[in-house]
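# Structure at a glance
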Amino acid sequence: MFSTKWGENGHIGLKRIEDEYNRSWYSCIKERWMKKKPKHEMFFYRGNIIGRKEAFETADQVSKALLALGVKQGDENHCCMANVPAVGFLMLGANQIGAKLNCFGGHYDPAFIKVILKETTDKILFVTDDEYDKIKDIVAKSGVKKVVVISLADYLPKDLSKCKEYEEDFDKYYHHDNKAVDYVAKNKKTHMTWFQFLDKSAKFKGIIEDDNDLDTEFLVTYTSGSTRIGFPKREVHRNRSLITVGVFHAPELCGNPAAQNLRGLALIHTDSDTDLISTISDSLFQGWSVAFEPEYDRD
């Protein structure tokens, strides 16, 4: 009986995906979140609440900045990042124009990182300041044209007295200074901070065209599987991957009760589909906000 019901629901879900969701992941998320109040929490970072209106305004800046820097649909841009709000903005902004994000880790074998940077059509590398020091020598010898260095401190709350949910103990164990500014100062011709990158959006005067479909490639993640340590397998995810997971988690299809106003914790390394799809994308599909946490430390 269960399998029959699931089979019926599965057929309904697959038909719904083809009929209603043959578009970008970005548009699916925006459609769901546009129904909420502008200040409704969409992203959360160490006490800083980022509302829906701010999140989509920043995502649109990302789209325009990418276009201004010459990124086209299908271009593959690298991300070597900890879990910070910029990950969410990049996913939304890049997907709106059909650009692809290749998300690798600074802990990979240096030889493999060289291969990743060499074998793709990369124009821009997005890297958080905690990861940059691990790969800067490799980047310097690569063909990467632009490097955007994002600080773990970029979206920390500015006024802690107004943050009801700020955990003071965080600073006791993990204090984040802005190292991105110093890295960029040493490489002004090719490097820029996150906010300098967003400022590039002003140079794009056209209309953003969103002509994605279900089979537009979106994310590249890596899985260790049975491969050598430091040389994980590359996996390519299309819009279809993220949208299918989101649609099939709808209460009417999966049978789980509807749960609103929760937070999904983005903690796992961003080179994993468990983080980008299960934690970030699916949380947003279900109407949950996403809490980004850059420290991944068992202690």
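In this numbering scheme, every chain counts its residues from 1 along its sequence in written order. With the structure being a predicted model, the display of local features is reserved for residues of pLDDT at least 70 and the display and counting of side-chain atom pairs for 80 or more, all residues being used for whole-chain, interface and lining totals. The basis for every side-chain value is the complete set of non-hydrogen atoms in the structure, without hydrogens or water.

### What to know about the overall build of the chain
Where we set the bar: Comment: elements are numbered from the N terminus, with helices defined as DSSP H or I runs of at least four residues and strands as E runs of at least two. A radius of gyration in this sense is built from C-alpha atoms; the matching globule rule multiplies 2.2 Å by the number of residues raised to 0.38. Exposure classes here rest on a 1.4 Å probe applied to the protein chains alone. A residue is buried below 20% of its type maximum, exposed above 50%, and partly exposed in between. Working definition of accessibility: Shrake-Rupley area with a 1.4 Å probe, residue cover restricted to the visible protein chains. Only four residue types enter the charge count: Lys and Arg as positive, Asp and Glu as negative, with His and the chain ends excluded. Each charge is placed at NZ for Lys, CZ for Arg, CG for Asp and CD for Glu.
The helix and strand inventory of the chain stands at 12 helices and 11 strands. Relative to its length of 299 residues, the chain is compact, with a C-alpha radius of gyration of 19 Å against a globular reference of 19 Å. With 299 residues in all, the chain has 50% of them scored as buried. Here the chain has roughly 15200 Å² of accessible surface; of this, 51% comes from carbon and sulfur atoms. Averaging the coordinates of the 42 positive side-chain charges in the chain and doing the same for the 45 negative ones gives two points 4 Å apart.

### Observations regarding helix H6 (residues 129–140)
Note the threshold: Multiply 1.5 Å by the residue count of a helix minus one, and that product is the helix's expected span. Our arc is simply the arc of the directions from the helix axis toward the C-beta atoms. By the convention used here, residues are in contact when the closest approach between their heavy atoms is within 4.5 Å.
End to end, H6 covers 15 Å across 12 residues, agreeing with the expected 16 Å (1.5 Å per residue, within 8%). Buried within H6 we find Asp129, Glu131, Tyr132, Ile135, Ile138 and Val139. Buried positions in H6, seen along its axis, are confined to an arc of 135 degrees and lie on one side of it. Those residues of H6 hidden inside the fold are in contact with strand S3 (76–80), helix H5 (110–118), strand S5 (124–128), strand S6 (146–150), helix H8 (180–185) and strand S7 (191–193).

### Description of the packing of aromatic side chains
Worth spelling out the cut-off: Under the pairing criterion, centres of Phe, Tyr and Trp rings, with the six-membered ring standing for Trp, must be within 6.5 Å; the plane angle then separates stacked pairs below 30 degrees from edge-to-face pairs above 60, leaving the rest tilted.
One pass over the structure, following the stated rule, counts 13 aromatic pairs. On the numbers, 5.3 Å between centres and 40 degrees between planes, the contact of Trp25 with Phe218 is tilted. Linking Trp25 in helix H2 (residues 25–33) with Phe218 in strand S8 (residues 217–223), this pair joins segments that are 193 residues apart in sequence. Looking at Trp25, the relative accessible area reads 0%, which means it is buried. A ring pair is formed by Tyr26 and Phe56, whose centres lie 6.0 Å apart and whose planes are at 80 degrees; its orientation type is edge-to-face. Of this pair, Tyr26 sits in helix H2 while Phe56 sits in helix H3 (residues 52–68); the two residues are 30 residues apart in sequence, bridging distant segments of the chain. Each member of the pair, Tyr26 together with Phe56, is buried. Among the aromatic side chains, those forming a connected cluster through ring pairs are Phe43, Phe89, Tyr155, Phe195 and Phe292.

### Remarks on the nonpolar core
The condition that has to hold: For the purposes of this section, nonpolar cores are sets of buried Ala, Val, Leu, Ile, Met, Phe, Trp, Tyr and Cys residues that join through side-chain atoms within 4.5 Å.
Counting residues in hydrophobic clusters, the biggest one holds 59 residues, and the most contacted among them are Trp25, Phe43, Met91, Phe126, Trp194 and Phe197. The element best represented in this core is helix H4 (residues 85–96), accounting for 7 residues. Beyond its immediate stretch of four places on either side in the chain, Phe43 contacts Asn48, Ile49, Ile50, Ala55, Gly88, Phe89, Leu92, Leu284, Ser289, Val290 and Phe292. Counting residues in each nonpolar core, the second largest holds 21 residues, with Phe112, Ile116, Ile135 and Val149 among its members.

### Quick word on the pattern of salt bridges
Our working rule: Here, a salt bridge means any side-chain nitrogen of Lys or Arg that lies within 4 Å of a carboxyl oxygen of Asp or Glu.
Taken as a whole, this structure holds 14 salt bridges when the rule is applied. A salt bridge links Asp19 to Lys15, with the nearest nitrogen and oxygen atoms 2.6 Å apart. Placement of both Asp19 and Lys15 in helix H1 (residues 2–20) is noted, with a separation of 4 residues, approximately one turn of the helix. One salt bridge in this structure joins Asp133 and Lys136, with 2.9 Å as the shortest N-O distance. Taken as a pair, Asp133 and Lys136 lie in helix H6 at a separation of 3 residues, close to a single helical turn. Look at Lys136 and you get partly exposed, because its relative accessible area is 30%. Counted as one network, the salt bridges with shared partners bring together Glu76, Lys100, Glu217, Arg234 and Arg238.

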